[in-house]
Amino acid sequence: MKILVLGGTGFLGSHLVRKLLSQNHDILILTRKPAYGQRSGAYKFIQWPIQNGEDLNEILNCEVAINLAGASIADAPWTKKRKQLILSSRVDTTRELADQLSASAQLKTFISASAVGFYGNRKTEVLTEQSPRGEGYLSDVCVAWEREANALSAKVGARVVNLRTGTVLDRHAGFLHKMEQLQKWHLGGPAGSGDAFVSWIHLHDWVQSVLFIIDHHEVTGPVNLVAPEPLSNRAFSRVLSEFLKRPPQLSAPEWAIRALLGELAALIFDSQNARPKKLLDANFKFQFRSLASALTNLYQENFTV
Ligand SMILES: NC(=O)c1ccc[n+]([C@@H]2O[C@H](COP(=O)([O-])OP(=O)(O)OC[C@H]3O[C@@H](n4cnc5c(N)ncnc54)[C@H](OP(=O)(O)O)[C@@H]3O)[C@@H](O)[C@H]2O)c1
């Protein structure tokens, strides 16, 4: 199949592209980086935004489009300017891609990133794809992001899937990598009260669930990409320190973390007890349901996705 991936150079995109290539799909990676451009094996880089008719024709021939673009949410303080970039790099980019794809006669499936941030801060409430949106900045971003993706369904009748992704676990990037560093300095205890739920997913299961969605046309709309067993920040910290055989960890009070991080602290204190109802109903098999099983695999020396 010919598959387009916008954001295919990022953390999730690069793992997904590698897997798609191993299944002999023909891949177009849309990227803002001007240094890219040549075909290499079964994939080709195309300048984003689209520059010419030839590139437009290439993307219009894709059967599946996957949109993973967006400026990093966690890497910089949420100044007004940063918040605008986080929003526009998702919402405007998705609108632009959907506009371009609306001329396609080939497109069957549009898979577009979103996040469990859609649900806002919901304490212990069990959240499925049917749960209503939450409140706050991240929820506003996700709602606007999903709206732009969904518009494509009316335009070309393509199936649209919104990937409401939780915290993706990889030893070398993101949340787990940061927690491991903090635990080395004995600072990886529960954040604040430790009550906030972490809806995590192993990188392997994230990639496999996207492959599953590509093949299962009955799966549409929002899909929670989270493991079936989320756990509190306190339990996450305990399981990780036991696994890494670290001594007891110090924890920082919520007020101190909020003073340090400002609004960005929402990433730590917004609680989402999300469940992958649609994936389970569709019979997707998670390989890593518990955090302990995910850590055991991620810390194997020969780990590959
Ligand atoms: N990783 C997670 O745990 C997680 C959790 C929930 C949701 N998500 C969402 O899933 C998507 C992929 O996540 P990721 O972790 O792979 O992100 P990532 O590593 O930061 O990659 C995002 C991609 O977006 C593109 N990008 C960056 N800044 C941009 C900008 N200002 N305008 C347009 N494009 C820009 C980049 O592509 P080029 O530089 O090639 O243009 C980059 O490859 C993101 O939208 C993210 O919010 C991720």
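Quick caveat: nothing in here was measured; it's all calculated off a predicted structure.

Parameters and conventions
- Residues numbered from 1 in each chain as written.
- Predicted model: local features only at pLDDT ≥ 70, side-chain atom pairs only at ≥ 80, totals over all residues.
- Heavy atoms only, no water.
- Helix = DSSP H or I, 4+ residues; strand = E, 2+ residues; numbered from the N terminus.
- Rg over C-alpha atoms; globule rule 2.2 N^0.38 Å.
- Buried < 20%, exposed > 50% of the residue type's maximum accessible area, 1.4 Å probe, protein only.
- Contact = heavy atoms within 4.5 Å.
- Pairing = 2+ DSSP bridges.
- Expected span 1.5 Å × (residues − 1).
- Bend = angle between axes of the 7 residues up to and from the residue.
- 1 Å grid on protein atoms, 1.4 Å probe; cavity = no way out; pocket = protein on both sides within 12 Å on 5 of 7 lines; lining within 4 Å.
- Points joined across faces, edges and corners; volume = space filled by probe spheres on them.
- Nonpolar A, V, L, I, M, F, W, Y, C, P; charged D, E, K, R; others polar.
- Near = heavy atom within 4 Å.
- Polar contact = N/O pair within 3.5 Å; in protein donor to acceptor, adjacent residues only side chain to side chain.
- Areas by Shrake-Rupley, 256 points an atom, 1.4 Å probe, with all protein chains shown as cover.
- Core = buried A, V, L, I, M, F, W, Y, C linked by side-chain atoms within 4.5 Å.
- Axes fitted to C-alpha atoms, helices over the stretch in contact; angles between N-to-C directions.
- Parallel < 35°, antiparallel > 145°, perpendicular 65-115°, else oblique.
- Left-handed = near helix turned anticlockwise from the far one by under 90°.
- Lys, Arg positive; Asp, Glu negative; His and termini not counted.
- Salt bridge = Lys/Arg side-chain N within 4 Å of Asp/Glu carboxyl O.

A separate point is the overall build of the protein. The secondary structure content of the protein amounts to eleven helices and 14 strands. Relative to a compact globule of 305 residues, whose C-alpha radius of gyration would be 19 Å, the protein shows 19 Å and is just as compact. Within the protein, the proportion of its 305 residues that are buried is 54%. Here the analysis covers contacts within the protein between residues at least 6 apart in sequence; of these, 76% occur between residues at least 24 apart.

Right, let's get into the pairing of strand β8 (residues 159-165). Across the seven residues of β8, seven count as buried, placing the element largely inside the fold. Burial along β8 is two-sided: R159, V161, L163 and T165 facing one way and V160, N162 and R164 facing the other are all buried. Relative to β8, strand β6 (residues 109-115) runs parallel, the two sharing seven bridges. In the strand pairing of β8, I111 is matched with V161. Pairing analysis gives five bridges linking β8 to strand β12 (residues 221-225), with the strands arranged parallel. Bridge pairing in β12 places R164 opposite N224.

Moving on, we come to helix α3 (residues 80-101). Over its 22 residues, α3 runs 31 Å from end to end, which matches the ideal 32 Å to within 8%, given 1.5 Å per residue. Approximately 30° is the largest bend angle found in α3, and it occurs at S88.

Okay, the layout of surface pockets next. Approximately 200 Å³ is the volume attributed to the second largest pocket. For the second largest pocket, the full set of lining residues is N121, K123, T124, A191, S193, G194, D195, A196, E254, R258, F269 and S271. Along the lines of polarity and charge, the residues of the lining of the second largest pocket split into three nonpolar, five polar and four charged.

Okay, the site of the ligand next. The ligand sits among 22 residues. The nearest are T9, F11, L12, T31 and R32. Note that an oxygen atom of the ligand is positioned 3.1 Å from one of the backbone N or O atoms of V168. Here the ligand loses 82% of its free accessible area of 890 Å² to cover by the protein chains. When contributions to the shell around the ligand are tallied by element, the ones reaching two or more residues are α1 (11-22), α3 and β6. Considering only residue class, the shell around the ligand consists of ten nonpolar, nine polar and three charged.

The next thing to look at is the nonpolar core. In this structure, I66, W206 and F236 are the most contacted members of the largest nonpolar core, which totals 72 residues. Element by element, the count of residues in this core is highest for helix α6 (residues 203-215), at eight residues. Ranked by size, the runner-up nonpolar core spans 20 residues in total, among them L6, I59, A69 and L107.

In this section: the packing of helix α5 (residues 174-184) against helix α7 (residues 233-243). It is the contact of α5 with α7, at a shortest axis distance of 11 Å, that shows an interaxial angle of 65°. The pairing of α5 with α7 is recorded here as roughly perpendicular in orientation. Note that α5 runs across α7; the crossing there is right-handed. Listed contacts from α7 to F175, L176, M179, E180 and Q183 of α5 are F236, S237, L240 and S241. Counted by class, the contact of α5 with α7 contains five nonpolar, three polar and one charged residues.

Among the structural elements, R159 can be located in strand β8. For the buried R159, no salt bridge is present, and the opposite-charge side chain at shortest range is E218, 6.5 Å distant. Side-chain polar atoms of R159 contact the backbone oxygen of I213, separated by 2.8 Å. Ignoring sequence-local partners within four residues, the contact set of R159 consists of K108, T109, F110, I213, I214, H216, H217, V219 and T220.

Turning to the environment of W206, a few remarks are in order. With respect to the helices, strands and loops of the structure, W206 is situated in helix α6. Overall, W206 belongs to the buried group, its relative accessible area being 0%. Sequence separation between W206 and T94 is 112 residues, and the spatial gap between their C-alpha atoms is 21 Å. Sequence-distant contacts of W206, that is, excluding residues within four places in its chain, are made with L12, L16, L68, L163, T165, V168, I201 and L225.

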